[in-house]
Each structure stands twice: as C-alpha cells, then as structure tokens.
Amino acid sequence: MPPNNRLPDSRLKDDCFATDRECLTHAEALALLKAQVAPVVDSETVPLIAAGGRVLAEEIVAPRDVPLADNTAVDGYAFSHADYIASEGRLPVAMRIAAGHPAGTALAQGTAAQIFTGAVMPPGADTVAMQEDCRIDDGEPPIVNVPPGLKQGANRRRAGEDVAAGSALLVPGLRLRPQDVGAIASTGKAEVTVYRRLRAALVSTGDEIVRPGNPIAPGQVFDANHYLLSELLAAANVAVSDLGVLADDPILIRERLAEAAASHDILITSGGVSHGGEDHLADAVAALGSRHLWQLAIKPGRPVSFGQIGDCVAVGLPGNPVAAFVCFLNYAMPVLSAMGGAGFQTPIPYRIPAAFDFAKKPGRREFLRGILERDADGHMVVKKFARDGSALISSLREADGLILLAEETTSVAAGETVEFIPFSAYGIAERTL
Ligand SMILES: Nc1nc2c(c(=O)[nH]1)N[C@H]1C(S)=C(S)[C@@H](COP(=O)(O)OP(=O)(O)OC[C@H]3O[C@@H](n4cnc5c(N)ncnc54)[C@H](O)[C@@H]3O)O[C@H]1N2
Ligand code: MOO
C-alpha cells in the first residue's frame, strides 16, 4: 500500500473537495471540481445499435473509403466528358447499370450508360446527365441527347469524398450523437469501444419526504427531487440506483451508504445541506469519507456539499427542487461528464435580448428561469419567469433554459442581451407546448 493508504489506481485524491474559502464563486467551484475529478478507465465493446449517447473510448479510423467507389448522385446517363463534347451531346446508350450491380466491363468509347442513383460509375465515364434533362431517340441502340453546358464530373460522387480510408473519423471522449453512429455504420464497423456507463446512487433525505403513491400526512412533502434527479441522470446516460428516502436511523444510513459507495461512481443526495453536519446522512458521509459544505455565491443553490467515500464522489444538493436542479446542471453534470470520459463540459451560453427589466444584488451569480418567445419582428427574445422562489417547480416546467446574470451585474433592462443556456444543452428535450 502507498503511504496514504489508498490504492494506487484511486481516481480521487484524499479529501480533494476541501476548500478554505468561506464562499466560492461559480467559477472557483468549477475550477476546483475540474482539477479534482478523474475519468473512469474501464471500457467495453458494444454493438453499434447500442452506442448512441455513450462516450467513445477508442479512435475510429475509417477502415475504407466512404463511398467505396465513384458513383452517380442522380438517375440519368453516364459518359466520358470528352465524348460528350466530341459528339455534341448525342451518344448511343450501350449499357444499363443499377445500384448494387456494377458494370462488368468499361464503357465503350463514344457511348453512354443508363445509370441509377448510387450505382457505381463504369470505368470510362466521368460525368452524369440527369434523366429529366435528356431526350431519348428510340432506336437500336437508343440515342441520348444531352443538353450542352455540363461540366466534367457533374453529378458524380467520388470514392472517399465523405470519409477517406485511413482518416481519423472520431476521437475518444466524444459522446456519440445519432449522426456519429450513422457515420461509423457507413464505414462498416459494427461494434465500438465506449467507456462504461456511470452508476449513480440517489438518496432523498428529510423527515417530511414521502414517495408518491403513499398516503401523505400534514407537514409531509412528496419526493419530487428523486424523480427530477433520476430523469436528469437518465438524460446524462447515467444508470441510477434508488436508495430511497433515508432520514432517521444512523446505523442503517451508514450501512446503506458504505454499500452504495463501493458499487457506484457517484452518490447524489438532496436536502439537508443548509445546516452543516446536523443530520444523519451528512454525518454518515463525513464518517465514511469526507464531506465539505460549500457556500456558493449563486442564486438559487447557495449551499451544496461535495465529498467522497473512497472513489465515490458524494454530491449533496439543496433540498429546494429548483436549487437542486440548478446545482445539478451547473456542477453535477460537468463532474459526470468528466468521470464518464467526455471531459469537464460546460455549455457555452447564447446571447439573447432580454424581454424584461430586473434589479439584482451584486456579488453573486443568478440563474433566472428563462422563457423564449418571439418579439413583434419575429426575433427570439427571452423573458423571465414571473416569480422567484426555489421551491417553484412550475418555474422549471414553464422555462426553456437558464438566464445567467454575472456577479457584477446589478440590473437588466429590456433589449439588453443576456446569456442564456437552453435546457437542451444539458440533454433535456425541448418543451413542445
Ligand atoms: N436559516 C437558513 N435557512 C436556510 C438556508 C440558510 O442558509 N439558513 N438556506 C436556504 C437555502 S438557499 C436552501 S436551498 C435550503 C437548503 O435546504 P436543505 O438542503 O437543507 O434542504 P431541506 O431543509 O431538507 O429542504 C429544503 C426544502 O426543500 C424541500 N425538499 C427537500 N427534499 C425534497 C424532495 N426530495 N422533494 C421535494 N422537496 C424536497 C423541503 O421540504 C424544504 O421545503 O435551505 C434554505 N434555508
Ligand atoms: O439554494 Mo437556495 O434558496 O438558493 O434554494
């Protein structure tokens, strides 16, 4: 064992989320997380059909050209451009070539081939005229009349013009999108090596929290956060284990957390971060590893905790659903992205004119819930959800994304541009109505 008693392949340094700052800015929190979180190393080979949304762990080098051979982009007539010029556009049709059935011989000089989209160009032909532009004189053989003005190579797709054999198509760390998977398929590759899916364990805490489907007593609240966070994790392609609502039994809590930490990459809790160290869940994380209560200069989501149990990152999100959501997007998402092999990713905001006036305290970053709409000229603008309050899930439901107001900002006037990150940048589907 190395002197620090940690396995040499540990992904996290000891107590890596400690900070001596009383209050962290958004940028400081991101920098600290970015410096500490390391990717998983294990990968697996999956069939291409299951690869969407996974993070590529290998470089994909094209094993062959795409397309494999020169072919026609249209239905029509293929010929040599020199013959087309020499014959003034009148060529006997000597061949018929369908897609999937390449010609067995070269095109005879001075003739044309009837050819269909995707069919391989016969040797000897370099140009294709569209069927609709040609006139056929019946006969034995028929003669095709091609209008003047076609350039050499017209309507011909070159071998390798999409992807050249041997070229690097995709690099490790890329989260595979539908078009990436399609591109891999076009090269003939049927399997890819991807990082293994991350595993998250999710816990809700609070004496008042009850799961939907159960009777509710006065003073109790249904566990919205479990569902909210499960869906966000699913959007990030993370597998979720539900540890339930843990509240009052310290021994049980410690057992459950120790077990979960050993088999998960990240433990996500919500609730119990406003008062440090007083609840059993926080105490259990601290006793099993370490836990640091951060005060962030942001709104909503000021209190957040980061810690670790062995190699399992422990994130404590605030209990208020909007604060939990905002902190998840801002801090848990890039951590998950880095752990999953895709790098510490934070979305780049758009700049959009504001359709609201707002006064703000300096010194903290605010994340307003933004609703996109069109102004009288049809241009996109963003308005603010009418009410504040980090317990209003309706603000998230009505919104299309987050409006970012920087620390130094003290006011926004309608017409000024503001930074806006659509929820879709976090893998959340766009609002349909
Ligand atoms: N005296 C102070 N009070 C509060 C402070 C503070 O600094 N001093 N911070 C406020 C801020 S900001 C937030 S955010 C919350 C953080 O609260 P906790 O993380 O400690 O969470 P709880 O107190 O357990 O709950 C807060 C709120 O959220 C509801 N909640 C909790 N879990 C769930 C769940 N799974 N599903 C739905 N709703 C949940 C809970 O019922 C409370 O209403 O503290 C402020 N107060
Ligand atoms: O984190 Mo709290 O009010 O900012 O919801």
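Since the model is a prediction, treat every value here as computed from it, not as a measurement.

S.K.: Before we go on, may I ask you to explain unusual backbone geometry in this structure?
M.R.: Trans peptide bonds make up the majority, and among non-glycine residues the majority have a negative phi. A cis geometry characterises the amide bond from Val-66 onward to Pro-67, with omega recorded as -10°. The omega angle of the peptide bond from Glu-140 to Pro-141 is 0°, so this bond is cis rather than trans. Its identity is not glycine, yet Asp-15 carries a phi of approximately 50°, on the positive side. Checked against the element boundaries, Asp-15 lands in the segment before α1 (26–36). A positive phi angle is found at Glu-88, which is not glycine, with a value near 55°. On the basis of neighbour counts, which here come to 10 C-beta atoms within 10 Å, the residue Glu-88 falls in the exposed class.

S.K.: Just to check I follow, could you spell out the sheet that holds strand β18 (residues 290–295) for this structure?
M.R.: By way of backbone hydrogen bonds, the strands of a sheet pair with one another, either parallel or antiparallel. The 6 strands are arranged β16-β13-β17-β21-β20-β18 in an open sheet whose pairing can be described as mixed. At either end of the open sheet lies a strand with only one pairing partner, and these are β16 (239–245) and β18. Each strand of the sheet is rotated relative to its neighbour by a mean of 20°, with strand direction disregarded. Two strands pair when backbone bridges link them, and β18 and strand β20 (residues 303–309) are joined in this way by 6 bridges, in the antiparallel orientation. Following the sheet pairing, Leu-293 is matched in β20 by Ser-305.

S.K.: In this structure, what is going on with the site of ligand 2? I would like to understand it.
M.R.: By nearness alone, every residue bordering ligand 2 is listed as Lys-299, Pro-300, Gly-301, Arg-302, Pro-318, Asn-320, Ala-323 and Ser-390. Within the shell around ligand 2, the residues separate by chemical class into 3 nonpolar, 3 polar and 2 charged.

S.K.: Help me understand the site of ligand 1 in this model?
M.R.: The local shell around ligand 1 holds 23 residues, among which Asn-225, Gly-271, Ser-274, Pro-318 and Gly-319 are the closest. Where the shell around ligand 1 is concerned, the elements lending two or more residues are α4 (224–235) and α7 (321–339). Looking at which element gives the most residues to the shell around ligand 1, the answer is α4, with 3 residues. For the shell around ligand 1, the residue count by class is 9 nonpolar, 11 polar and 3 charged.

Each value, and the rule that gives it
Residues numbered from 1 in each chain as written. Chains lettered and ligands numbered in written order. Predicted model: local features only at pLDDT ≥ 70, side-chain atom pairs only at ≥ 80, totals over all residues. Helix = DSSP H or I, 4+ residues; strand = E, 2+ residues; numbered from the N terminus. Buried ≥ 20, exposed ≤ 12 C-beta atoms within 10 Å, placed from the backbone. Pairing = 2+ DSSP bridges. Axes fitted to C-alpha atoms, helices over the stretch in contact; angles between N-to-C directions. Near = placed C-beta within 6 Å. Nonpolar A, V, L, I, M, F, W, Y, C, P; charged D, E, K, R; others polar.

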